[in-house]
Amino acid sequence: RPGYVTDRVPGSYSRLPYRGQDYFYSDGYWYRPQGPRYVVVTPPYGMRVRSLPSYSQEVWVGSALFFLAAGTYYTYQRDGQDYEVVYPPQTVEPAYTQQVPASSAYDPIAYPNNGQSQEQVAQDKYDCYRWSVDQSAFDPADPNSPNAPAMIQVYRRSMVACLMGRGYTIN
């Protein structure tokens, strides 16, 4: 949350100078130096980053697509192939949807047994995907993810177990 102070910026980060000040971006969070430490801040509108974290959400407001990560709204900018920090949408109640990676060859084919809605199927697949990535350390949506055969097997078994536990038949 903005105001949180830490000794260092966690993980890999990008240093982004903006109007004479340095900002640091790491996994959806923004930091600014404060003496020898760093404080979590709300980024200035107009800042741009190359990528968003995997937990970011798509937010549709009318026909406009926004992305939400760590409380900050972004829009995709085709000209620079990056994401720009924007003001939160104000006019319409947003409809939130998880950003679900496209199905991959590693994902099982699942059929709902309990009349789950399309929204519930999408949520279940996303939840099972996130859980399977956590269990296996393999992420089929990340081209830089390690992909040892044992990791892939754990990912597949985790997906099957999770989906079956939520009422799906697996093919």
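Here is what the cut-offs are and how they apply
- Residues numbered from 1 in each chain as written.
- Predicted model: local features only at pLDDT ≥ 70, side-chain atom pairs only at ≥ 80, totals over all residues.
- Heavy atoms only, no water.
- Disulfide = S-S within 2.5 Å.
- Helix = DSSP H or I, 4+ residues; strand = E, 2+ residues; numbered from the N terminus.
- Buried < 20%, exposed > 50% of the residue type's maximum accessible area, 1.4 Å probe, protein only.
- Contact = heavy atoms within 4.5 Å.
- Polar contact = N/O pair within 3.5 Å; in protein donor to acceptor, adjacent residues only side chain to side chain.
- Expected span 1.5 Å × (residues − 1).

Enquirer: Explanation requested: the state of the cysteines in the structure shown.
Expert: Counted under the stated rule, the structure contains one disulfide. Here cysteine 128 connects covalently by a disulfide to cysteine 162, the sulfurs 2.1 Å from one another. Measuring handedness by torsion sign, the sulfur bridge of cysteine 128 and cysteine 162 sits at about -75 degrees and is left-handed. With cysteine 128 in helix α1 (residues 118-136) and cysteine 162 in helix α2 (residues 149-165), this residue pair connects regions lying 34 residues apart in the sequence.

Enquirer: It is not clear to me how the environment of asparagine 113 should be interpreted in this structure. Could you clarify?
Expert: Inspection of the secondary structure assignment puts asparagine 113 in the loop between β12 (110-112) and α1. Classification of asparagine 113 by relative accessible area gives partly exposed; the value is 46%. Distance from asparagine 113 to tyrosine 129, taken between C-alpha atoms, is 19 Å for residues 16 residues apart in sequence. Leaving out residues up to four positions away in the same chain, asparagine 113 has contacts with Gly167, Tyr168 and Thr169. A polar contact of 2.7 Å, which involves the side chain of asparagine 113, links it to the side chain of threonine 169.

Enquirer: Honestly, the environment of alanine 141 in this entry has me stumped. Any pointers?
Expert: Within the fold, alanine 141 resides in the loop between α1 and α2. Using a relative accessible area of 45% as the deciding quantity, one classes alanine 141 as partly exposed.

Enquirer: I'm lost on α1 in this one. Help?
Expert: Three- or four-residue spacings in an α-helix give side chains the same orientation, since the helix completes a turn every 3.6 residues. In this model, α1 (19 residues) spans 27 Å end to end at C-alpha, consistent with the 27 Å of a helix rising 1.5 Å per residue. The complete set of buried residues in α1 reads Val121, Asp124, Tyr126, Cys128, Tyr129, Ser132, Val133 and Ser136. Among the residues trailing α1, alanine 137 stands out with phi positive, at a value near 65 degrees.

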